[in-house]
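Coordinate inspection notes
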2 protein chains.
Amino acid sequence: MSKCEQCIIKQFNSLKSLGKDDLIRISGCKTSRFVSKGEVIFSEGESINGIYCIKDGVCKLSKLSSNGKDQIVKLVVRGDLIGQRSLVSEEKSNLTAIALNNMEVCFIPKNEVLFDLSKNPKFSFDMLQEMAKELRVSDNVIVDMAQKSVKQRLADVLIYLHENFEKDEMGFLKVVLSREDYANLVGTATESAIRILSQFKKSGLISTTGKHVKVEDLDGLRRIE
Amino acid sequence: MSKCEQCIIKQFNSLKSLGKDDLIRISGCKTSRFVSKGEVIFSEGESINGIYCIKDGVCKLSKLSSNGKDQIVKLVVRGDLIGQRSLVSEEKSNLTAIALNNMEVCFIPKNEVLFDLSKNPKFSFDMLQEMAKELRVSDNVIVDMAQKSVKQRLADVLIYLHENFEKDEMGFLKVVLSREDYANLVGTATESAIRILSQFKKSGLISTTGKHVKVEDLDGLRRIE
DNA sequence: TTTAACCTATGATAATTGTCATGTTTTAGT
DNA sequence: ACTAAAACATGACAATTATCATAGGTTAAA
């Protein structure tokens with residue numbers, strides 16, 4: 001099994017603030033796991049008892065709303081940590097994590113992380129910074145959900161995917177989302193998402209082949225209102 | 001000026017995790033200030049350079065959306081801290097804080113807080129916990145904004161106010177929000193908020209006298225869908 | 001290879017929400 | 001108490017979005 005102290009992934013998250021000794025200690029406790037597409041990593045209401053470091057792949061974090069629909073709250077990619085919130089607040093997970101790709105994830109037990117949080121102010125501060133950033137993003141999402149139209153939100157999602165996710169040689173997004181996933185990202189009915197995507201395709205803003213999507217006209221998407 | 005080490009307000013926030021010495025040190029640097037209703041405490045885009053501890057009163061944290069409307073992201077009450085996020089992330093504020101009451105707030109300069117964060121793991125951890133809680137709440141808000149109807153969201157706001165804010169002898173909420181504030185809390189047009197509030201009043205779910213609102217039928221509001 | 005399950009697509013229609021217009025009431029300042 | 005400004009209220013209508021129905025297309029397992 002590969003070693004945390006040599007893992008390049010940690011550059012992208014708070015684990016970079018740990019010293020070599022701590023990383024070696026964590027490396028001895030961590031478990032690594034492959035998760036296949038569609039598999040549930042953890043569910044709403046479960047105790048997670050540790051944090052996951054995403055070594056490869058993409059997953060969606062979603063929450064079931066009272067009307068029975070799933071809302072995708074965040075997409076999590078290579079380098080991200082998940083589970084810190086539940087770890088710190090000692091509560092069960094409020095989100096469900098489902099793989100959108102085949103993934104590789106490392107699991108670090110709760111106590112190891114809590115130990116470092118109690119001993120290493122640099123690590124704590126880094127984690128605090130990450131959470132502060134997440135909160136800022138959340139605020140923006142709240143405002144967008146409350147104030148933008150479904151069409152705008154869907155355009156935003158496409159822009160976000162285009163700017164932050166890997167693409168193949170043809171420029172198609174490597175992440176493959178169902179129309180239902182798109183709907184659950186923007187908080188609308190699946191049919192509405194399908195309709196708007198069709199419309200974007202007709203307007204030449206995107207192209208699609210099956211579930212594969214390519215952004216063709218970024219500025220055009222930006223101009224949607 | 002009153003002293004932090006004797007202030008009971010700190011029980012409600014992370015400052016409770018500081019030792020007496022640190023509180024005395026902070027007390028020497030802090031400034032106290034009265035803010036009258038409607039006054040802006042800080043604006044989106046400003047550098048805050050410290051945190052505010054709300055000693056008394058209520059304020060709204062809002063953000064201007066791209067369509068020019070304000071979205072209220074959070075209501076902040078006695079005991080809450082504001083400004084931690086910008087402090088930790090070294091960024092300008094992404095929110096505007098406006099008093100809804102006459103308020104009294106204490107301002108603690110950035111460096112004092114950063115000093116404690118670097119020296120006091122208990123304080124850091126407490127702050128981390130607070131942020132984790134805020135993130136959880138944000139997730140819930142995102143889901144609600146995305147999935148619930150305007151009517152449901154407005155009912156939720158009324159329930160939230162009823163359960164978390166002070167009421168007078170008659171049961172009316174002491175906080176007085178304009179219809180526009182209600183609209184900006186739920187993310188809808190002012191006219192829509194007005195209409196729905198009128199409807200709630202007609203149905204006996206709430207009663208209103210001018211801007212003063214009283215929840216009459218909590219379960220009724222909970223049943224709104 | 002067939003079949004069933006699921007996803008995508010689209011029309012028709014209803015429900016929700018926003019916008020504009022207009023009048024009334026309340027509030028704050030003199 | 002008076003007046004101007006702001007906030008509230010409501011109707012009429014338009015735009016957006018959800019829901020229901022139906023059908024074609026894809027995919028994966030038997």
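Residues numbered from 1 in each chain as written. Chains lettered and ligands numbered in written order. Predicted model: local features only at pLDDT ≥ 70, side-chain atom pairs only at ≥ 80, totals over all residues. Heavy atoms only, no water.

To continue, consider the packing of helix 3 (residues 110-119) of chain A against helix 4 (residues 121-147) of chain B. It is the contact of helix 3 of chain A with helix 4 of chain B, at a shortest axis distance of 8 Å, that shows an interaxial angle of 125°. One element, helix 3 of chain A, and the other, helix 4 of chain B, form an angle in the oblique class. Residue-level inspection shows A:Leu114, A:Leu117 and A:Ser118 of helix 3 of chain A in contact with helix 4 of chain B, the latter providing B:Pro121, B:Phe125 and B:Leu128. (Axes fitted to C-alpha atoms, helices over the stretch in contact; angles between N-to-C directions. Helix = DSSP H or I, 4+ residues; strand = E, 2+ residues; numbered from the N terminus. Parallel < 35°, antiparallel > 145°, perpendicular 65-115°, else oblique. Contact = heavy atoms within 4.5 Å.)

Within the UniProt annotation, "domain: Cyclic nucleotide-binding" (unreviewed entry) is assigned to residues 14-134 of chain A. Helix and strand shares over residues 14-134 of chain A are 33% and 34% respectively, and the end C-alpha atoms of the span are 13 Å apart. (UniProt positions renumbered as here; feature names shortened; annotations may be inferred.)

A few words now on the relation of the copies chain B and chain A. For the pair chain B and chain A, the superposition axis carries a translation of 0.0 Å, the fit reaches an RMSD of 0.1 Å, and the rotation angle comes to 180°. Here the copies are linked by what is in effect a two-fold axis. Looking at the interface residues of chain B, 100% of them are also at the interface in chain A, so both copies use one shared face. (Least-squares fit on C-alpha atoms with pLDDT ≥ 70 in both.)

This part is about the nonpolar core. With 45 residues, the main nonpolar core has A:Leu117 and B:Leu117 as its most contacted residues. Excluding anything up to four places from it in sequence, A:Leu117 contacts A:Leu87, A:Val88, A:Phe123, A:Ser124, A:Met127, B:Pro121, B:Phe125 and B:Leu128. (Core = buried A, V, L, I, M, F, W, Y, C linked by side-chain atoms within 4.5 Å. Buried < 20%, exposed > 50% of the residue type's maximum accessible area, 1.4 Å probe, protein only.)

Around DNA strand C there are 15 residues in total, and A:Arg179, B:Val150, B:Thr188, B:Ser192 and B:Arg195 lie nearest to it. Here DNA strand C approaches the protein such that, of its atoms within 4 Å, sugar and phosphate make up 59%. The side chain of A:Arg195 places a nitrogen or oxygen atom 2.9 Å from a base oxygen of DNA strand C. In this structure, a phosphate oxygen belonging to DNA strand C sits 3.3 Å away from a main-chain N or O atom of B:Ala189. Of all the elements in the fold, those that place two or more residues in the surface near DNA strand C are helix 7 (190-202) of chain A together with helix 7 (190-202) of chain B. The dominant element in the surface near DNA strand C, judged by the number of residues it contributes, is helix 7 of chain A, at four residues. Class assignment for the residues of the surface near DNA strand C results in three nonpolar, five polar and seven charged. (Near = heavy atom within 4 Å. Polar contact = N/O pair within 3.5 Å; in protein donor to acceptor, adjacent residues only side chain to side chain. Nonpolar A, V, L, I, M, F, W, Y, C, P; charged D, E, K, R; others polar.)

What follows is about the interface of chain B and chain A. Facing the 42 residues of chain B at the interface are 42 residues of chain A. Inspection of the region where chain B meets chain A yields four salt bridges. As a salt-bridge pair, B:Arg85 and A:Asp139 come within 2.1 Å of each other at their nearest N and O atoms. Between chain B and chain A we count 16 residue pairs in polar contact (both at pLDDT 80 or more) in total. Listing elements by their share of the side of chain B that touches chain A, those giving two or more residues are strand 5 (70-76), helix 2 (84-89), helix 3 (110-119) and helix 4 of chain B. For the side of chain B that touches chain A, the element with the most residues is helix 4 of chain B, which contributes 20 residues. (Salt bridge = Lys/Arg side-chain N within 4 Å of Asp/Glu carboxyl O.)

Moving on, we get to the pairing of strand 3 (residues 50-56) of chain B. Residues and elements named next belong to chain B. In terms of burial, strand 3 is a largely internal element, six of the seven residues being buried. Judged from the six bridges that link them, strand 3 and strand 8 (residues 103-109) form a sheet pairing that is antiparallel. Bridge pairing links isoleucine 51 to isoleucine 108 in strand 8. Examined bridge by bridge, strand 3 and strand 6 (residues 81-82) share two bridges and lie antiparallel to one another. By the bridge assignment for strand 6, cysteine 53 is matched with leucine 81. (Pairing = 2+ DSSP bridges.)

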